[in-house]
Amino acid sequence: MTTTASPARGTPPRAPSLVVAASPHLKGRESVATIMWNVVAALVPLVAASAWLFGVSALLVVLASVIGATATEHFVGRRGTLADGSAAITGILLGLTLPAGIPLWAAALGGAFAIGVGKLLFGGLGYNIFNPALLGRAFLMAAFPVALTTWPKAGTGGFWALRGDNFAFPFAAAGHTDAVTAATPLGLFKFEHQLTGASSLFFGDVGGSLGETSALLILLCGGYLALRRFLDWRIPLSVLGTVALLQGALHLADAAKYASPAFALLSGGLMLGAVFMATDMVTAPVTKLGRWVFGATIGVTVVVIRTWGGLPEGVMYSILLANALVPYINTVTQPRVFGARRAKRAPSETNGVVAR
């Protein structure tokens, strides 16, 4: 116990040299809202690029999914949580995984499902197990597979020309809106064995979801978040590195049958998923080693589904599967506490003999 001498008469008391308060003692400079709205800002160029390629339909689809997500957050969740920007991110990311011609009511329904089931059902922000945007897309894929696999061709028509039956009534049959459709690069290769040029994939002049626009733009926007330390670079690097390694081995084994690593990296939703979906702070592991394992798991699953599965794409299912494994990954990759020794096993545990 430490005692201090009483100050002399007439001398003002000195402030204590040590102040003890409840933890935490350090507070980060960046709040949740700051991080989330920076992610929203990083997604704006991707939305703009999708509007350049798919016209007003792209903006309408993203807007509808954002409205569905934010309305559910406001009316079903706790009041005041809209300000953190997480619901807006979910809506934008969901919209970027959808085709431009999807009916707007379906996009809004997907946003509502993403927040209501994918987030609020688990307890709100910080408690959800799965990426809400991908869970919303999985729901739409199961409920409306035709609408989710009808891909308008990029760059056709004027800006104001609809790329599908966006204004169809809920659950009604498709109208008579004409739109030029085209297969995605992954679909062309898997079912017709036609390769798309690397330049088109890199700069984004291809059909597919709204977020499958430009690998270059996705990397630039993700690089901004990495520089701000709003995403961990280990996850996208491990995802892309694993895909490149495995696809490279397959391509070396049979170049006529398996696509090159560059095609695998630049096509489909791999870039968007690796940079913006897999790096979700809530559904990714907390340990550094765990993030490498997490990314490698996603990469292996993507290659397996694309190569031997019935679907041309597998990013969505790969990330959701890896999300389910995060609690186990966190457990087995916990680092040793500084200064602590590893527990030694008793002889009975190592040789299987029970001591008497």
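Residues numbered from 1 in each chain as written. Predicted model: local features only at pLDDT ≥ 70, side-chain atom pairs only at ≥ 80, totals over all residues. Heavy atoms only, no water.

Account for a nonpolar patch on the surface, with residues named and values stated.
Residues V117, L121, F122, Y127 and I129 make up a contiguous nonpolar surface patch of about 480 Å² in total accessible area. Tracing the sequence through the fold places I129 in the loop between α4 (104–116) and α5 (132–143). (Patch = residues over 30% accessible without salt bridge, like charges linked within 9 Å, V, L, I, M, F, W, Y side chains within 5 Å. Areas by Shrake-Rupley, 256 points an atom, 1.4 Å probe, with all protein chains shown as cover. Salt bridge = Lys/Arg side-chain N within 4 Å of Asp/Glu carboxyl O. Helix = DSSP H or I, 4+ residues; strand = E, 2+ residues; numbered from the N terminus.)

I'd like to hear about the confidence of the model for the protein, residue by residue, with values.
For the protein, per-residue confidence averages 86 on the pLDDT scale, and residues scoring 70 or more make up 83% of the total. When pLDDT is averaged over each helix and strand of the protein, the minimum, 51, is found for helix α15 (residues 347–350) and the maximum, 97, for α4. Predicted confidence is poor over residues 349–356, with pLDDT under 50, and the contacts of this stretch with residues over four places away or in other chains come to 4 contacts. (pLDDT = per-residue confidence, 0-100. Contact = heavy atoms within 4.5 Å.)

Explain the packing of aromatic side chains to me, using residue names and the numbers behind them.
Taken as a whole and assessed by the stated rule, the structure comprises 6 aromatic pairs. Centre to centre, the rings of W105 and F144 are 5.2 Å apart; their planes meet at 90°, and the pair counts as edge-to-face. With W105 in helix α4 and F144 in the loop between α5 and α6 (145–148), this residue pair connects regions lying 39 residues apart in the sequence. Look at W105 and you get buried, because its relative accessible area is 18%. The exposure class of F144 is buried, given its relative accessible area of 18%. (Phe/Tyr/Trp six-rings, centres within 6.5 Å; stacked < 30°, edge-to-face > 60°. Buried < 20%, exposed > 50% of the residue type's maximum accessible area, 1.4 Å probe, protein only.)

Which residues make up the pattern of salt bridges, and what values go with them?
As enumerated under the stated definition, the model contains 4 salt bridges in all. Across the pair K119 and E73 runs a salt bridge whose closest N-O atoms are separated by 3.1 Å. Of this pair, K119 sits in the loop between α4 and α5 while E73 sits in helix α2 (residues 56–76); the two residues are 46 residues apart in sequence, bridging distant segments of the chain. A residue is classified by how much of its surface remains accessible, and K119, at 3% relative accessible area, is buried. By relative accessible area, which is 2% here, E73 ends up buried. In this structure, the salt-bridge partner of D232 is R291, at a minimum N-O distance of 2.5 Å. Of this pair, D232 sits in the loop between α9 (215–227) and α10 (234–253) while R291 sits in helix α13 (residues 288–308), placing them 59 residues apart in sequence. Since its relative accessible area comes to 12%, D232 is described here as buried.

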